[in-house]
Amino acid sequence: MNNAHISVIQADITTLALDAIVNAANKSLLGGGGVDGAIHRAAGPELLSACIALRGCNTGEAKMTSGYLLPARHVIHTVGPVWHGGTHGEAELLAACYRHSLELADVHQIRSIAFPCIATGVYAYPHQQAAQIAVATVADIAPTLSHVEKIIFCCFHAEDAALYQSLLKTEN
Ligand code: AR6
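As annotated in an unreviewed UniProt entry, the chain is O-acetyl-ADP-ribose deacetylase from Vitreoscilla massiliensis.

Spelled out as structure tokens, the structure:
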């Protein structure tokens with residue numbers, strides 16, 4: 001057990017040299033737009049071959065590959081819920097993405113990891129609600145992890161970064 005440090009940055013997640021970055025993928029794991037597209041472009045074609053071998057991923061679950069040409073050593077692929085108004089288990093599924101990604105990272109002795117704002121782009125999850133779930137879930141699980149020391153919320157947009165900053169202040 002350790003006390004992982006949780007922080008927020010505004011950045012392109014594909015530029016981060018960490019043990020792992022998290023990808024907001026879809027169930028096929030075969031790539032797409034948004035952060036998924038950016039990660040596949042930066043990692044190169046070997047990432048797609050590795051993802052094909054994983055044979056998909058359920059919503060709320062997580063699977064890991066190497067980072068190939070990325071500065072990050074590994075990619076943890078998770079599948080967020082498509083927003084259908086909030087009454088279709090979206091909150092539980094989004095929390096499961098963060099929980100399963102961190103548990104998988106810990107099993108692989110990953111020490112540093114960054115998350116994008118899962119499901120808030122193409123999948124249309126409201127940003128404020130998604131950020132609340134992300135911060136609460138990560139803060140809840142962090143103390144139970146043995147190896148993960150550094151958890152970063154990597155926001156692409158300044159508005160998201162501000163949201164996370166204010167939520168982390170209330171959490172501490
Ligand atoms: N670095 C960090 N964050 C980013 C980057 C980047 N380079 N690019 C976008 N974001 P989205 P989803 C942010 O749409 O909603 C894909 O097609 C973006 O601002 O990437 O989970 C998949 O294949 C937003 O806050 O993922 C799926 O089909 C966040 O990443 C589907 O989209 C997530 O937006 C998944 O949708």
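Engineer: I'd like a description of the overall build of the chain, backed by residues and values.
Structural biologist: The helix and strand inventory of the chain stands at 5 helices and 6 strands. Starting at the N terminus and ending at the C terminus, the chain contains elements arranged as β-β-α-α-β-β-α-β-α-β-α. Taking 16 Å as the expected radius of gyration for a compact globule of 172 residues, we find that the chain reaches 14 Å, a close match to that expectation. The principal-axis extent of the C-alpha atoms belonging to the chain is close to 40 × 35 × 25 Å. When burial is assessed residue by residue, the chain has 50% of its 172 residues classed as buried. Across the chain, the fraction of contacts at a sequence separation of at least 24, relative to all contacts at a separation of at least 6, is 70%.

Engineer: Quick rundown of the site of the ligand? Include the residues and the values.
Structural biologist: Around the ligand sit 21 residues, and of these Asn26, Gly33, Val35, Asp36 and Val122 come closest. One of the side-chain N or O atoms of aspartate 12 is found 2.9 Å from a nitrogen atom in the ligand. Threonine 120 is positioned such that a nitrogen or oxygen atom in its side chain is 2.9 Å from an oxygen atom of the ligand. The site holding the ligand turns out to be the largest pocket.

Engineer: Outline helix α2 (residues 45-54), listing residues and values.
Structural biologist: For α2, the complete set of buried residues consists of Leu47, Ala50 and Cys51. For α2, the angular spread of the buried residues around the axis is 100 degrees, confining them to a single face. Facing away from the buried side of α2 by over 90 degrees, the exposed positions are Pro45, Glu46, Ile52 and Ala53. Those residues of α2 that are buried are in contact with α1 (34-43), β3 (62-66) and β4 (74-79).

Engineer: Now, about the packing of helix α3 (residues 90-107) against helix α4 (residues 127-141): what can you tell me, with residues and values included?
Structural biologist: Between α3 and α4, whose axes approach to 9 Å, the crossing angle comes to 40 degrees. Accordingly, the angle class assigned to the pair α3 and α4 is oblique. As α3 packs across α4, the resulting crossing turns out to be right-handed. Contacts from Ala91, Leu94, Ala95, Tyr98, Arg99 and Leu102 in α3 reach Ala130, Ile133, Ala134, Thr137, Val138 and Ile141 in α4. Looking at side-chain class alone, the contact of α3 with α4 contains 10 nonpolar, 1 polar and 1 charged residues.

Engineer: Describe the sheet that holds strand β1 (residues 5-10), with residues and values.
Structural biologist: Ordered by their spatial adjacency, 6 strands build an open sheet running β1-β6-β5-β2-β4-β3, and the pairing between neighbours is mixed. Edge positions in the open sheet fall to β1 and β3, since each of these has one partner strand only. With direction set aside, neighbouring strand axes in the sheet form an average angle of 25 degrees. Bridge analysis of strand β2 (residues 20-25) against β4 gives 6 bridges, and the strand direction is parallel. Within β4, the position partnered with alanine 24 by the bridge is threonine 78. α2 rests against β3 and β4 of the sheet, and its axis sits at about 145 degrees to β3. α4 contacts β1, β5 (112-115) and β6 (150-155) of the sheet and is inclined by roughly 170 degrees relative to β6.

Engineer: Let's hear about the state of the cysteines: which residues, and what values?
Structural biologist: As enumerated under the stated definition, the model contains 0 disulfides in all. Here cysteine 154 is not disulfide-linked; the sulfur of cysteine 155 is the nearest cysteine sulfur, at 7.0 Å. Exposure remark for cysteine 154: the relative accessible area of 4% places this residue in the buried category. Of all cysteine sulfurs in the structure, the one in cysteine 117 sits closest to cysteine 155, which takes part in no disulfide; the separation is 3.9 Å.

Cut-offs and rules
- Residues numbered from 1 in each chain as written.
- Predicted model: local features only at pLDDT ≥ 70, side-chain atom pairs only at ≥ 80, totals over all residues.
- Heavy atoms only, no water.
- Helix = DSSP H or I, 4+ residues; strand = E, 2+ residues; numbered from the N terminus.
- Rg over C-alpha atoms; globule rule 2.2 N^0.38 Å.
- Buried < 20%, exposed > 50% of the residue type's maximum accessible area, 1.4 Å probe, protein only.
- Contact = heavy atoms within 4.5 Å.
- Near = heavy atom within 4 Å.
- Polar contact = N/O pair within 3.5 Å; in protein donor to acceptor, adjacent residues only side chain to side chain.
- 1 Å grid on protein atoms, 1.4 Å probe; cavity = no way out; pocket = protein on both sides within 12 Å on 5 of 7 lines; lining within 4 Å.
- Sits in = over half its atoms within 2 Å of the grid points.
- Arc of directions from axis to C-beta.
- Axes fitted to C-alpha atoms, helices over the stretch in contact; angles between N-to-C directions.
- Parallel < 35°, antiparallel > 145°, perpendicular 65-115°, else oblique.
- Left-handed = near helix turned anticlockwise from the far one by under 90°.
- Nonpolar A, V, L, I, M, F, W, Y, C, P; charged D, E, K, R; others polar.
- Pairing = 2+ DSSP bridges.
- Disulfide = S-S within 2.5 Å.

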